[in-house]
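Breakdown of the fold
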Amino acid sequence: MATILGQNQYGKAENRVVKITRDGDTHHIKDLNVSVALSGDMDDVHYSGSNANVLPTDTTKNTVYAFAKEHGIESAEQFGIHLARWFVNSQEPIQRARIRIEEYSWDRIATSDANSKFIGSDEVNHSFVRQGMETRVTQITYDGTNWEVISGLKDLVVMNSTNSEFWGYVKDKYTTLKEAHDRILATQVSARWRFNWSDDEQRMPHWEKSYAETRKHMLQAFAETYSLSLQQTLYQMGSRIINHRSEIDEVRFSLPNKHHFLVDLEPFGLKNDNEVYFAADRPYGLIEATVLRDGADARIPVDMTNL
């Protein structure tokens, strides 16, 4: 039976690069996990084993570290754009580059007023603590002409301790859930948003500002929505982003409902007046949806597991 080669790509995954920028005694950190995937004229290496068109994956790794020095890391998006452009434009067989980046955030450690008594320094600007909140992510794809940039975040845990209800739902013989008119709403946000910047003729977004503002509007919508369902909250979060950020055309969310169940304290002669909850980690409801600018196409994959 005849066989043919289908879609294929190769590269170096999870290149961990930490760039320290020294502004005198004040230091700045960019901490990235960069994965490179290249595709193009690669039939021969699969059919015959000829490596004539193959840029070694070790070279892609080296390029990541060299670019951190040569170009610096202004933002995850900008760094990925530099890499994608280089791989496609410098290697004729490579027709498409996909760069995926996770960024880990660090906060500067605030020292005491009397720190100089102990370490002989009047001011400390080089000590950091790793943030335990979200991981920032981006995926840059380039084919020599067109760009696609999808950014976002994962593992951002948020909670509203009130202003959330859940009632009026379908009930059948297997339904045991009681209606709630005052409940905790908590979720671990995984979100991706697609920029409408697609070619070098367009003005490039300010990536750092865009991320900060998008995150801000998403969190404000979560906090300010009186929620009758997590679906409603999701839609408000996406709509707030689309309405306030003109550079974004599409947002997709995956929101696990981190259930908090009231504990029955009656056996102990106590009344639980929405005060004591059991935080269940599984099973959990999983709410997923895309919010689009009117007229835009949906391009973010439904399954964001590897995005």
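The structure displayed is predicted, hence computed values, not measured ones. (Residues numbered from 1 in each chain as written. Predicted model: local features only at pLDDT ≥ 70, side-chain atom pairs only at ≥ 80, totals over all residues. Heavy atoms only, no water.)

1. Some words on helix H6 (residues 230-244)
What counts here: Under the DSSP-based scheme used, a helix requires at least four consecutive residues in state H or I and a strand at least two consecutive residues in state E, with every element numbered from the N terminus. By definition here, a helix of n residues has an expected span of 1.5 Å times n minus one. Here the term buried applies to any residue with accessible area under 20% of the maximum for its type, exposed to any over 50%, and partly exposed to those in between, with areas from a 1.4 Å probe on protein chains only. Contacts between residues were defined by any pair of non-hydrogen atoms, one from each residue, lying within 4.5 Å.
Compared with the 21 Å implied by 1.5 Å per residue over 15 residues, the 21 Å span of H6 between its first and last C-alpha is a close match. For H6, every residue scored as buried is listed here: Leu230, Thr233, Leu234, Met237, Gly238, Ser239, Ile241 and Ile242. On the buried face of H6, the contacting elements are strand E8 (185-195), helix H5 (207-224), strand E9 (248-257) and strand E12 (285-292).

2. A short note on the sheet that holds E8
What counts here: When DSSP finds two or more bridges between two strands, those strands count as paired. Under this scheme, a helix contributes an axis fitted over its contacting stretch, all axes are lines through C-alpha atoms, and angles between N-to-C directions fall in the 0 to 180 degree range.
Taking strand neighbours across the sheet as the criterion, the eight strands line up as E1-E2-E3-E6-E7-E8-E9-E12 in an open arrangement whose pairing is antiparallel. Taken across any chain shown, the strands that pair with only one partner, and hence form the sheet edges, are strand E1 (15-23) and E12. This sheet shows a mean twist of 20° between the axes of neighbouring strands, independent of strand direction. Alignment of E8 against E9, held across seven bridges, turns out to be antiparallel. Among the inter-strand pairings, Trp193 is bridged to a residue of E9, identified as Val251. In the packing of H5 onto the sheet, contacts are made with strand E2 (26-40), strand E6 (135-142), strand E7 (147-160), E8 and E9, and the angle to E7 comes to roughly 35°. Seen against the sheet, H6 touches E8, E9 and E12 and runs at an angle of roughly 155° to E9.

3. Focus: a nonpolar patch on the surface
Convention followed: Every patch collects residues that have over 30% relative accessible area and no salt bridge, joining them within 9 Å if they carry like charges and within 5 Å if they are nonpolar side chains (Val, Leu, Ile, Met, Phe, Trp, Tyr). For the area figures, the Shrake-Rupley method with a 1.4 Å probe applies, and any residue is considered shielded solely by the protein chains shown. Put simply, a salt bridge is a Lys or Arg side-chain nitrogen that is within 4 Å of an Asp or Glu carboxyl oxygen.
Judged by side-chain polarity, Trp167, Tyr226 and Leu228 come together as a nonpolar surface patch covering roughly 310 Å² of accessible area. Summarising the element assignment, Tyr226 is placed in the loop between H5 and H6. Classification of Tyr226 as partly exposed rests on a relative accessible area of 40%.

4. So, the pattern of salt bridges
Counting across every chain of the model gives 17 salt bridges. Among the salt bridges present, the one from Glu213 reaches Lys216, with a minimum N-O distance of 3.0 Å. You can see Glu213 and its partner Lys216 sitting in helix H5, three residues apart, about one turn around the helix. Overall, the relative accessible area of 21% leaves Glu213 in the partly exposed class. Among the charged side chains, a network of salt bridges with common partners joins Lys30, Glu77, Glu103, Arg136 and Glu208.

5. Topic: unusual backbone geometry
Excluding glycine, most residues fall at negative phi; most peptide bonds, likewise, are trans. For the peptide bond that leads from Arg282 to Pro283, omega is -10°, which places it in the cis range. Mapped onto the secondary structure, Pro283 falls in the loop between strand E11 (277-279) and E12. Backbone geometry places Asn274, a non-glycine residue, at a positive phi of 55°. With respect to the secondary-structure elements, Asn274 resides in the loop between strand E10 (260-262) and E11. Since its relative accessible area comes to 32%, Asn274 is described here as partly exposed.

6. A look at the nonpolar core
As a reminder, the rule being used: Among the buried residues, those of types Ala, Val, Leu, Ile, Met, Phe, Trp, Tyr and Cys that are joined through side-chain atoms within 4.5 Å form a nonpolar core.
With 52 residues, the main nonpolar core has Val34, Phe79, Ile99, Val189, Met218 and Phe253 as its most contacted residues. Among the elements that make up this core, the one with the highest residue count is helix H3 (residues 76-90) (seven residues). Not counting residues within four places of it along the chain, the set of residues in contact with Phe79 comprises Leu32, Val34, Val64, Phe67, Ala68, Gly72, Ile73 and Ile101.

7. What to know about the side chain of Glu247
To be explicit about the condition: Any pair of nitrogen or oxygen atoms within 3.5 Å is treated as a polar contact; in protein, a donor-acceptor pairing is required on top of that, and neighbouring residues in sequence qualify only through side-chain atoms on both sides.
Counting through the fold element by element, Glu247 comes out in the loop between H6 and E9. Of note is the side chain of Glu247, whose polar atom sits 2.6 Å from the side chain of Ser210. A distance of 3.0 Å separates polar atoms of two side chains, one belonging to Glu247 and the other to Arg245. Contacts of Glu247, omitting those with residues within four sequence positions, involve Arg194, Phe195, Asn196, Pro205 and Ser210.

8. What to know about the environment of Gly295
Positionally, Gly295 belongs in the segment after E12. Here the alpha-carbon distance between Gly295 and Asp249, two residues 46 residues apart in the chain, equals 9.1 Å.

9. Structural notes on the packing of H5 against H6
Stated formally: Left-handed describes a crossing whose near helix is turned anticlockwise from the far helix through less than a right angle; right-handed describes the clockwise counterpart.
For the pair H5 and H6, the least separation of the axes is 8 Å and the interaxial angle reads 140°. In the crossing of H5 with H6, the sense of the turn from one axis to the other is right-handed. Each of Thr214, His217, Met218, Gln220, Ala221, Phe222 and Glu224 in H5 lies in contact with H6, whose residues at this interface are Thr233, Gln236, Met237, Arg240, Ile241 and His244.

10. Quick word on a negative patch on the surface
For clarity, the cut-off: None of His or the chain ends enter the tally, which takes Lys and Arg as positive and Asp and Glu as negative. To locate a charge, take NZ of a lysine, CZ of an arginine, CG of an aspartate or CD of a glutamate.
On the surface, Asp41, Asp43, Asp44 and Glu92 cluster together into a negatively charged patch. Residue position: Asp41 is located in the loop between E2 and helix H1 (43-47). A relative accessible area of 40% means that Asp41 is categorised as partly exposed.

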